[in-house]
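# Understanding the architecture of this molecule
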Amino acid sequence: MLRVVAFTTLLLLTSFSAVASSFTVDPVLVKLNSAKPTAALTLRNTEDRPLTIEVEALDWAQSDGEDSLSSSRHLIAVPPIFTLQGGEQQIVRVGLRNPQAEAIEQAFRLLFKEVPQLAVNGQGLRIALRVSLPVFVAPEGPAPKVLDWRARVIDGQILEIRSENHGAVHWRNADMEVLRKSDLSSLAVDKSLVYILPGTSRQWRFNTAKPLVVGDELLIITRNYGRTVQTRVVVE
């Protein structure tokens, strides 16, 4: 179970249920394709009080490492708003308006928003929760993952890592660590979960405790959906 923090949108990436203080959503990752253009999610109110939830389908793009979300005309979610009594559950169905075979994976997000209500004592508003879930539409045919890693050093101790996705599907980057290949000493660690959509890139900068020079060999270790991947990179 993953806990959702109030007023914070989490990018929930595992196959487990996402747990908020007031509701749960399962599954937390939706995969569609042209042959299977619909899916169902179960939302359950885990509290005793009624909850009103809005659901919004969003197009998901990236530019310069930043996410861009906009209301979608291609993905729909029904019902778009509903109220659950304590302990009740609701099936939310999502689907593509016009399923078509595409060469590149399509990416969307589903945003579940609790509608704020008056607090129990009648003063102020209760804290409202938001949960954002990824939806991916698989491309037709083979879709190899092609990720290009580069590294360069700035002023000796600033390490810049850049990852470019030249493949047809997304890359889920988690628990990244950069090692010096010669002695396997750790130079940088990033524990964040990052999606790199097809045709986009992501950049990291680290202050390293040990100086680097052009030509140094590095090992970049990442986890993509639980699979550990090691990539050798030469500092430019």
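Residues numbered from 1 in each chain as written. Predicted model: local features only at pLDDT ≥ 70, side-chain atom pairs only at ≥ 80, totals over all residues. Heavy atoms only, no water.

### Some words on the overall build of the protein
Of the regular secondary structure elements, the protein holds zero helices and 20 strands. For the protein, buried positions account for 45% of its 236 residues. Intrachain contacts of the protein at a sequence separation of at least 6 include 62% that bridge at least 24 residues. About 12100 Å² of surface is accessible on the protein, with carbon and sulfur atoms providing 50% of the total. (Helix = DSSP H or I, 4+ residues; strand = E, 2+ residues; numbered from the N terminus. Buried < 20%, exposed > 50% of the residue type's maximum accessible area, 1.4 Å probe, protein only. Contact = heavy atoms within 4.5 Å. Areas by Shrake-Rupley, 256 points an atom, 1.4 Å probe, with all protein chains shown as cover.)

### Observations regarding the packing of aromatic side chains
The geometry of an aromatic ring pair is captured by two quantities: the separation of the ring centres and the angle between the planes. Enumeration over the complete set of coordinates arrives at four aromatic pairs. Judged by centre distance (5.8 Å) and plane angle (35°), the ring pair of Trp60 and Phe136 falls under tilted. Of this pair, Trp60 sits in strand 6 (residues 51-63) while Phe136 sits in strand 12 (residues 130-137), and the two are 76 residues apart along the sequence. Residue Trp60 is classed as buried on the basis of its relative accessible area of 6%. Taken together, a centroid distance of 5.3 Å and an interplanar angle of 80° make the contact between Trp60 and Tyr195 edge-to-face. With Trp60 in strand 6 and Tyr195 in strand 17 (residues 194-196), this pair connects stretches of sequence that are 135 residues apart. We note that Trp60, like Tyr195, is buried. (Phe/Tyr/Trp six-rings, centres within 6.5 Å; stacked < 30°, edge-to-face > 60°.)

### Concerning the sheet that holds strand 18 (residues 201-207)
Strand order in the open sheet made by the three strands is 13-14-18, with antiparallel pairing throughout. At either margin of the open sheet sits one strand with a lone partner, and together these are strand 13 (147-154) and strand 18. Mean inter-strand twist for the sheet, computed between neighbouring axes without regard to direction, equals 15°. Direction of pairing for strand 14 (residues 158-165) relative to strand 18: antiparallel, over a ladder of seven bridges. (Pairing = 2+ DSSP bridges. Axes fitted to C-alpha atoms, helices over the stretch in contact; angles between N-to-C directions.)

### Things to note about the pattern of salt bridges
This model, assessed by the stated rule, comprises 10 salt bridges. Across the pair Glu114 and Arg49 runs a salt bridge whose closest N-O atoms are separated by 2.9 Å. Here Glu114 is found in strand 11 (residues 106-114), whereas its partner Arg49 is found in the loop between strand 5 (38-45) and strand 6, with 65 residues between them in sequence. Glu114 gets classed as buried once you look at its relative accessible area, which sits at 5%. For Arg49, a relative accessible area of 16% corresponds to the buried category. Note that Arg150 and Glu236 form a salt bridge whose closest N and O atoms lie 2.9 Å from each other. Here Arg150, found in strand 13, pairs with Glu236, found in the segment after strand 20 (227-234); they are 86 residues apart in sequence, far enough to count as distant. Given a relative accessible area of 40%, Arg150 falls into the partly exposed group. (Salt bridge = Lys/Arg side-chain N within 4 Å of Asp/Glu carboxyl O.)

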